[in-house]
Structure formats: structure tokens, C-alpha cells
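Structural overview for review
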Amino acid sequence: MPDCRLYIDEVGNSDLGASENENHRYLSLTGVIIRHEYVSDTVHPLLEGLKTKHFTSHPDDPIILHRKELVNKKYPFSSLRDKENEMQFNEDLLTLLEKIEYKVITVVIDKLEHKQRYSRWLFDPYHYCLAVMLERFVRYLELNALIGDVLAESRGGKEDRRLKDSFQRLVQQGTEYVSRDVFMATLSSGQLKVKPKQFNISGLQIADIIAHPSYKCTLHRRQKKSLPDNFGGKIAQLLEKSKYHRSPSGVIDGWGRKWLP
């Protein structure tokens, strides 16, 4: 059994053809590293307690926290339409995100800049981001003498196959900066695990909640802007304060956050 797991969520899409549309210009992958036993002993009970406190559900049909549905206050999150309920839930969620132990790696690619700069040499954006994220994950494992594996949310037949093939290729071949030997020594499996949202996987739900705020944080810092003054901005402040993976000297950029042209 691995010591820890990297849970991956994405914001945006990998279509280079859509990059000239500002709403589809960027692809971001966020990975959340959590100790395996800590998920079952601490993270899952706390997350289920949060759901039970604020929403009505049945064990046969568990509530799955999904940022987009939370923001839009759709069923089963319609109670958030009440401003007081929303404020209390946001406060409790922020407390949980601060309390639990995890590390975050976010990789963002500017697809338009990538297409313009490398017109004859283009990476698949998702594969490129995944490679850069896995380099940082296995170096984290190596630095802390840990073994890990990787789990992403299922996106359907062809997409899942594509992700698994990309992952397997990275592990078997290594990258320009991390050798195959390091991948093989630090990962418990050469196979990417994918599971659907309805499996109620706590790590994937944490990744889903923080992926968009982390993407916005990375984009704003790149553009030398202040963080947004909203709930997502508060999550971003928390990530910067204590959750991003850092270098031994405390540097975030290049370690917990990586911008790709």
C-alpha cells in the first residue's frame, strides 16, 4: 500500500484550437498530496461531518461536494441560497481546509502562448501539465522517503484511456528532468487510477474544491495582480500560507506552482 496519494483535478480543457478564446486559453491541473491512512482516519470523517451538518442526505446516496454545484447552489446545495447558511458553510469549509494536512501542486499552461511559441513543436497540453506535475510529485516522494500513487476523476472511456496511456508512458520513459528509475522507485504502480465522482472519494472532492481557486491564484500572481476578494481568494490565501509544496528554503513558485508557456 502506498504511503500517500496524489489526487488530480483540472480546470479548463486541452484543446489548443480553443486557446484564442480568453475563456478557454488556460489549462490548469491541481494535485493534492495526502497520506493514505490519514484520509481514512481524519479527512473522510471530517468531510462527511461537514456534509451532515449542512445538508440532508442518505448513506445510500451520499452527497458529493462539487465546486460548480456549490457555487450555483443547485440541489442538494439549495440551502446555500440562504445567505446566513452560505456564510456558515464557507466558514466551516475554510476551517476544514486549514485544519487537515495536505500539500498542493498546481500547473498552469497558457495554450495560446504555447501554440505561438512552439508552432512546429507542440506538446499535448494535458500531457505536458501532467508530466510537470508528476516530476514534482516524485521528487516530493523522493525527498520524504515515501511511496505514492495517483488518482484522477474519471472523465469517460476514451478520455480515461488517453490519461492512462499518458501516465504509463511518463513512468516507463521518464522525462527530460526526472529519470525512469526515479519514477519506478517512488511510485507503487505504473498505472493511473481513475474513479468516478459518485464514489465519494474525499481526496478528489478536496482537489475539486481548491483547483479553481489555485488556478486563479497562479494566474493572478503571474499577472502581478492581487488575489480576488471573494471566497475563492480566501482559499488561495490559505494555500499560499501553508499548503503549497515548497522548496527546502520555502519557495513556492517552481515547486507548488508552475507556469508553462
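Residues numbered from 1 in each chain as written. Predicted model: local features only at pLDDT ≥ 70, side-chain atom pairs only at ≥ 80, totals over all residues. Heavy atoms only, no water.

**Describing the nonpolar core**
Heads up, the rule is: What is meant by a nonpolar core is a set of buried Ala, Val, Leu, Ile, Met, Phe, Trp, Tyr and Cys residues, joined one to another through side-chain atoms within 4.5 Å. Exposure is judged per residue with a 1.4 Å probe applied to protein chains only, and the accessible area is read against the type maximum: over 50% gives exposed, under 20% gives buried, and values in between give partly exposed. Strands are runs of DSSP state E lasting at least two residues, helices are runs of H or I lasting at least four, and both sets are numbered from the N terminus onward. Every residue pair with non-hydrogen atoms within 4.5 Å of one another is taken to be in contact.
Judged by nonpolar contacts, the single largest core of 36 residues is most densely connected at Leu65, Leu97, Tyr102 and Ile210. Breaking this core down by element, the ones donating at least two residues are strand S2 (26-35), helix H1 (36-54), helix H3 (83-99), helix H8 (202-222) and helix H9 (231-243). The leading source of residues in this core is H8, at 6 residues. Discounting residues that sit within four places of it in the chain, Leu97 has contacts with Tyr102, Ile206, Ile209, Ile210, Ile235, Leu238 and Lys243.

**Regarding H9**
Spelled out, the test is: One less than the residue count of a helix, multiplied by 1.5 Å, gives the span that helix is expected to have. Definition of a polar contact: a pair of N or O atoms within 3.5 Å, with one able to donate and the other able to accept a hydrogen when the atoms are protein atoms, and with sequence-neighbouring residues admitted only if both atoms are side-chain atoms.
Between its first and last C-alpha atoms H9 spans 17 Å; for 13 residues at 1.5 Å apiece the expected length is 18 Å, and the two agree. Of all the residues in H9, the buried ones are Gly233, Ile235, Ala236, Leu238, Leu239, Glu240 and Lys243. Elements in contact with the buried residues of H9: H3, strand S3 (103-110), H8 and strand S6 (257-260). Where H9 starts, the residue carrying a side-chain oxygen 3.2 Å from the main-chain nitrogen of Gly232 turns out to be Asn230.

**A few points about the packing of H3 against H9**
Basically, it comes down to this: The angle between two axes is taken between their N-to-C directions and runs from 0 to 180 degrees, where each axis is a line fitted to C-alpha atoms and a helix contributes only its stretch in contact. Just so you know how the angles are binned, under 35 degrees is roughly parallel, over 145 roughly antiparallel, 65 to 115 roughly perpendicular, and the rest oblique. Helix crossings get a hand from a simple test, with the near helix turned counterclockwise from the far one by less than a right angle marking a left-handed crossing and a clockwise turn marking a right-handed one.
Running from amino to carboxyl end, H3 crosses H9 at an angle of 15 degrees, the nearest separation of the two axes being 10 Å. Taken together, the axes of H3 and H9 lie roughly parallel to each other. As H3 runs across H9, the sense of the crossing is right-handed. In contact with Asn90, Leu93, Leu94, Leu97 and Glu98 of H3, H9 contributes Phe231, Lys234, Ile235, Leu238, Lys241 and Lys243.

**What to know about unusual backbone geometry**
Residue Pro76 is reached from Tyr75 by a cis peptide bond, and omega for that bond is 10 degrees. Mapped onto the secondary structure, Pro76 falls in the loop between helix H2 (67-72) and H3. A positive phi is found at Lys73, a non-glycine position, where the angle reads about 55 degrees. One non-glycine residue, Lys224, adopts positive backbone phi at about 60 degrees. Mapped onto the elements, Lys224 comes out in the loop between H8 and H9. With relative accessibility at 77%, the residue Lys224 sits in the exposed group.

**So, H3**
The terminal C-alpha atoms of H3 lie 24 Å apart, and with 17 residues this matches the ideal 24 Å at 1.5 Å per residue to within 8%. Taken residue by residue, H3 has Glu86, Phe89, Asn90, Asp92, Leu93, Leu96 and Leu97 as its buried positions. Taken together, the buried residues of H3 touch H1, H2, H8 and H9. The opening residue of H3 is Asp82, an N-cap whose side-chain oxygen sits 3.0 Å from the backbone nitrogen of Glu84.

**Describing the pattern of salt bridges**
Where side chains of opposite charge bring their charged atoms close, a pairing between them can arise. Put simply, the rule is: Salt bridge criterion: a side-chain nitrogen from Lys or Arg within 4 Å of a carboxyl oxygen from Asp or Glu.
Throughout the structure, instances matching the rule amount to 19 salt bridges. For Arg161, the salt bridge is made with Asp165, and the minimal N-O distance between the two is 3.0 Å. On the criterion of helical spacing, the pair formed by Arg161 and Asp165 is a turn pair, its members being 4 residues apart in helix H6 (residues 157-173). Classification of Arg161 as partly exposed rests on a relative accessible area of 41%. In this structure, the salt-bridge partner of Glu240 is Arg257, at a minimum N-O distance of 2.7 Å. One end of the pair, Glu240, is in helix H9; the other, Arg257, is in strand S6, and 17 residues separate them in sequence. Just as Glu240 is buried, Arg257 falls in that class too.

**Considerations on the pairing of S3**
To keep things clear, this is the line we draw: Two strands pair if DSSP finds at least two bridges between them.
Of all the 8 residues making up S3, 7 are buried; the element is thus mostly covered by neighbouring parts of the structure. Across 8 bridges, the pairing between S2 and S3 is antiparallel. Counterpart to Val32 in the pairing with S3 is Val104.

Note that all results are geometric; they support no functional claim without further evidence.
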